[in-house]
Amino acid sequence: MFAALTDPTRRALLEELVRAGPATVTDLARRLPVSRQAVAKHLGQLANAGLISSGEPAGRRHPYRLEPAPIHAAQVWLATLANRWDDRLTALERALNATDKNESRNNE
């Protein structure tokens, strides 16, 4: 999933699906400065990553829609990771402050 999100075009496609809802390859190619073939390729990669899915076809139209579950799972994981870093950085800050206070006392 994270590898799929590294590409700015794929992020733009996801943003467009969030903004405007389900859309076909042709719809997305009209809205973005990307060829229809490139849109199809990027949508395939997003689908392989589980970030989008193809909705019910209406004739020859195959709308793609966002799948929020993987993004939500990533948000939860990243928040947990960020909290761990916050805890570690807070502990480091306390240790450094204690060291500074001890050095100040020793220099007096």
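Right above here is the structure, for reference.
Nothing here was measured: the structure is a model prediction, and the numbers come from that model.

Reading the values: the criteria
- Residues numbered from 1 in each chain as written.
- Predicted model: local features only at pLDDT ≥ 70, side-chain atom pairs only at ≥ 80, totals over all residues.
- Heavy atoms only, no water.
- Helix = DSSP H or I, 4+ residues; strand = E, 2+ residues; numbered from the N terminus.
- Expected span 1.5 Å × (residues − 1).
- Buried < 20%, exposed > 50% of the residue type's maximum accessible area, 1.4 Å probe, protein only.
- Arc of directions from axis to C-beta.
- Contact = heavy atoms within 4.5 Å.
- Polar contact = N/O pair within 3.5 Å; in protein donor to acceptor, adjacent residues only side chain to side chain.
- Phe/Tyr/Trp six-rings, centres within 6.5 Å; stacked < 30°, edge-to-face > 60°.
- Lys NZ or Arg CZ within 6 Å of the ring centre and 35° of its normal.

**A short note on helix H1 (residues 8-20)**
And step 1. Given a rise of 1.5 Å per residue, 13 residues ought to cover 18 Å, and the 18 Å separating the end C-alpha atoms of H1 matches this to within 8%.
And step 2. When we look at burial in H1, the residues that qualify are Arg10, Leu13, Leu14, Glu16 and Leu17. For H1, the angular spread of the buried residues around the axis is 155 degrees, confining them to a single face. Away from the buried face of H1 by more than 90 degrees, exposed residues Pro8, Glu15, Val18 and Arg19 are located.
And step 3. Lining the buried residues of H1 we find helix H2 (25-31), helix H3 (36-48), strand E1 (52-54) and strand E2 (64-66).
And step 4. The N-terminus of H1 is capped by Asp7, whose side-chain oxygen sits 2.8 Å from the backbone nitrogen of Thr9.
And step 5. After H1 finishes, the residue Gly21 shows a positive phi value of roughly 85 degrees.

**Let's talk about the side chain of Ser53**
And step 1. Its location among the elements puts Ser53 in strand E1.
And step 2. For Ser53, the side chain forms a polar contact with the side chain of Glu67, separated by 2.5 Å.
And step 3. Discounting chain neighbours no more than four positions away, the residues touching Ser53 are Pro63, Tyr64, Arg65 and Glu67.

**Concerning the packing of aromatic side chains**
And step 1. In this structure the tally under the stated criterion is one aromatic pair.
And step 2. Measuring from ring centre to ring centre gives 6.1 Å for Phe2 and Trp77, while their planes differ by 50 degrees; the resulting arrangement is tilted. Of this pair, Phe2 sits in the segment before H1 while Trp77 sits in helix H4 (residues 68-107), and the two are 75 residues apart along the sequence.
And step 3. Under the relative-accessibility criterion, Phe2 is labelled partly exposed at 44%.
And step 4. Its guanidinium or amino end placed over the ring of Trp85, Arg88 lies 6.0 Å from that ring's centre, counting from NZ or CZ.

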